[in-house]
Amino acid sequence: MTRPRISTRISAISESATLAVDAKAKAMKAAGHPVIGFGAGEPDFATPGYIVEAAVEACRNPRFHKYTPAGGLPELKQAIADKTLRDSGYRVDAAQVLVTNGGKQAVYEAFATLLDPGDEVLVVAPYWTTYPEAIKLAGGVQVDVVTDETTGYLASVEQLEAARTDRTKVLLFVSPSNPTGAVYSPEQVAQIGRWAVEHDLWVVTDEIYEHLTYGDATFASIATVVPELGDKVVVLNGVAKTYAMTGWRVGWLIGPKDVVKAATNLQSHATSNVSNVAQIAALAAVSGDLSAVAQMREAFDRRRQTMLRMLNEIPGVFCPEPKGAFYAYPSVKELLGKDFDGRRPATSAELAELILEEAEVAVVPGEAFGTPGYFRLSYALGDDDLVEGVSRIVKFLGQAR
C-alpha cells in the first residue's frame with residue numbers, strides 16, 4: 001500500500017485566500033501590469049518612528065540576543081495587561097498573557113488549547129479565512145451562523161441559539177469584523193455575552209480592530225461588558241492593525257491562567273519565544289499613546305466614505321456601511337449571470353477573476369469568507385489608488401447586460 005506523502009490533516013488546510021489574491025496582484029504588477037489590489041488587510045502606513053527606534057536599540061542589547069521566556073518578555077506581558085485595562089477596562093495580570101508570533105498564532109493556540117475532537121464552535125459568517133483552518137486543525141467542528149447585508153452582517157441571539165447544540169463549546173465573537181466591518185453595539189454585546197453565560201459556553205473574542213471604529217460606532221469588549229463570563233473568555237489581539245505593524249509579527253492571547261499555561265506549553269515546543277526585537281517594538285507600541293492610530297483612523301474614515309459612496313452607485317451592487325476595521329463587503333449577487341462582453345460569471349469568485357483580468361483590480365470573493373455572492377475590499381490603501389481602483393470596477397461592472 002502506498003502511503004500519502006502529505007498527512008490528511010495538513011492536506012486539508014486551504015491556502016489563505018486573501019494572501020493568495022494579494023500575491024497574484026503583486027506578481028501581475030511585477031510583470032508590468034498596473035494592478036491595484038484591494039486584497040491585503042494591512043495599513044498602508046509605516047510603523048511609527050519611535051517604535052522602530054526601540055527595535056534598533058534592542059538589536060544592540062546583548063540581553064535580546066539570547067532565548068527569553070517562551071510566553072513573552074515579562075515587561076511586555078505586564079504592558080499588555082496595563083494596555084488592556086486602559087483601552088477596554090478589562091483587568092488581568094501578566095500571568096494571564098501569552099505573547100505570540102502574530103495574531104494568527106494566538107488564534108491557533110486558543111482553539112488548540114480549548115477544543116477536543118468533535119467540540120463545536122459557533123462562527124458568524126462572513127468570517128476571516130484563518131478561523132476555519134485553526135478550528136479544523138484542533139479537531140473542532142465549525143458551525144456557521146450566516147448573516148447578510150440586510151442586518152449589516154450582525155448575528156442575533158436567536159440565530160446563535162438556533163445553531164447551538166449539546167456539543168457546542170465555544171462562541172467565536174468578533175467585533176469589529178473582518179471581512180465586513182460590522183460592529184456590535186454595547187447592548188448587543190451584552191445580550192450575546194449573557195446568552196453565552198446562560199449556556200455555559202466559552203467565548204473567544206478577537207479584538208484586533210478595537211481602535212478602528214467610525215461614526216457613532218464604539219468598541220465594547222465582551223469580557224468587560226459581561227463580567228459574568230468569568231474565566232471562560234479568551235481575548236485575542238496584537239499590534240498589527242493599531243500600530244501598522246503587520247510584518248513585526250507580535251500578537252497575544254489573554255485568558256484564565258490554566259489556559260494560558262497550557263497554550264504557553266504548546267508554544268514552547270512550536271516556536272519558543274517571539275523575536276525579542278519585535279517584542280521590544282511591541283512594548284514601545286502598547287506603552288505609548290494612541291496618536292498614531294488616531295491619524296490612521298482619520299484617513300481610513302475618509303477612504304471608507306469614498307469607497308462606500310462609489311460602490312453603492314454601481315447598479316446591482318449594495319454595500320452596507322462598514323462601521324469598523326478597514327473593509328467594505330458589498331453584495332454582487334445581482335450581477336452574477338450577467339453578460340460581460342460574452343462572459344457570464346456564475347459565482348463571485350468567477351466575477352473577481354474577471355475583474356482582475358479585465359480591469360486589473362484585485363478583490364477577494366466572498367467564497368473565501370463563507371458567503372458566496374460578495375466581495376471584500378480593503379480601504380487601507382492610498383486615496384488616489386482607492387479612487388482609481390474603484391473607478392475601474394465601476395466602469396467594468398457598468399457593462400453588465
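Look up: the structure comes first, before these words.
Conventions and cut-offs
Residues numbered from 1 in each chain as written. Predicted model: local features only at pLDDT ≥ 70, side-chain atom pairs only at ≥ 80, totals over all residues. Heavy atoms only, no water. Buried < 20%, exposed > 50% of the residue type's maximum accessible area, 1.4 Å probe, protein only. Helix = DSSP H or I, 4+ residues; strand = E, 2+ residues; numbered from the N terminus. Pairing = 2+ DSSP bridges. Core = buried A, V, L, I, M, F, W, Y, C linked by side-chain atoms within 4.5 Å. Contact = heavy atoms within 4.5 Å. Axes fitted to C-alpha atoms, helices over the stretch in contact; angles between N-to-C directions.

Focus on the pairing of strand E12 (residues 375–378)
Moving on, step 1. Burial of E12 is two-sided: the residues Phe 375 and Leu 377 facing one way and the residues Arg 376 and Ser 378 facing the other way are all buried.
Moving on, step 2. Note that strand E9 (residues 327–328) and E12 share two bridges and pair antiparallel. By the bridge assignment, Tyr 327 is partnered in E12 with Ser 378.
Moving on, step 3. The pairing of strand E11 (residues 364–365) with E12 spans two bridges and is antiparallel. Residue pairing for E12: Pro 365 is matched across the bridge by Phe 375.

Description of the nonpolar core
Moving on, step 1. Of all hydrophobic cores here, the largest spans 65 residues; its most connected members are Leu 160, Tyr 184, Val 203, Ile 222, Val 239 and Ile 254.
Moving on, step 2. A total of seven residues in this core trace back to one element, the largest contributor, which is helix H11 (residues 276–287).
Moving on, step 3. Sequence-distant contacts of Tyr 184, that is, excluding residues within four places in its chain, are made with Val 124, Tyr 153, Leu 154, Ala 155, Phe 173, Val 174, Ser 175, Val 189, Ile 192 and Thr 218.
Moving on, step 4. Formed by 42 residues, the second largest nonpolar core is a distinct cluster that contains Ile 36, Val 317, Leu 351 and Phe 375.

Observations regarding the sheet that holds strand E4 (residues 141–146)
Moving on, step 1. Within the open sheet, the seven strands sit side by side as E2-E8-E7-E6-E5-E3-E4. Their pairing is mixed. With one partner strand each, in any of the chains shown, strand E2 (97–100) and E4 form the two edges of the open sheet. The average undirected angle you get between the axes of adjacent strands in this sheet is 20 degrees.
Moving on, step 2. Contacts between helix H10 (residues 257–270) and the sheet are confined to E2, strand E6 (202–206), strand E7 (233–238) and strand E8 (251–254), with E2 contributing the most and set at about 25 degrees to the helix.

With respect to the sheet that holds E12
Across a sheet, strands are paired by hydrogen bonds formed along the backbone, either parallel or antiparallel in direction.
Moving on, step 1. The three strands are arranged E9-E12-E11 in an open sheet whose pairing can be described as antiparallel. Strands at the two margins of the open sheet, each flanked by one partner only, are E9 and E11.
Moving on, step 2. Sitting on the sheet, helix H13 (residues 348–358) touches E11 and E12, and the angle it makes with E12 is about 45 degrees.

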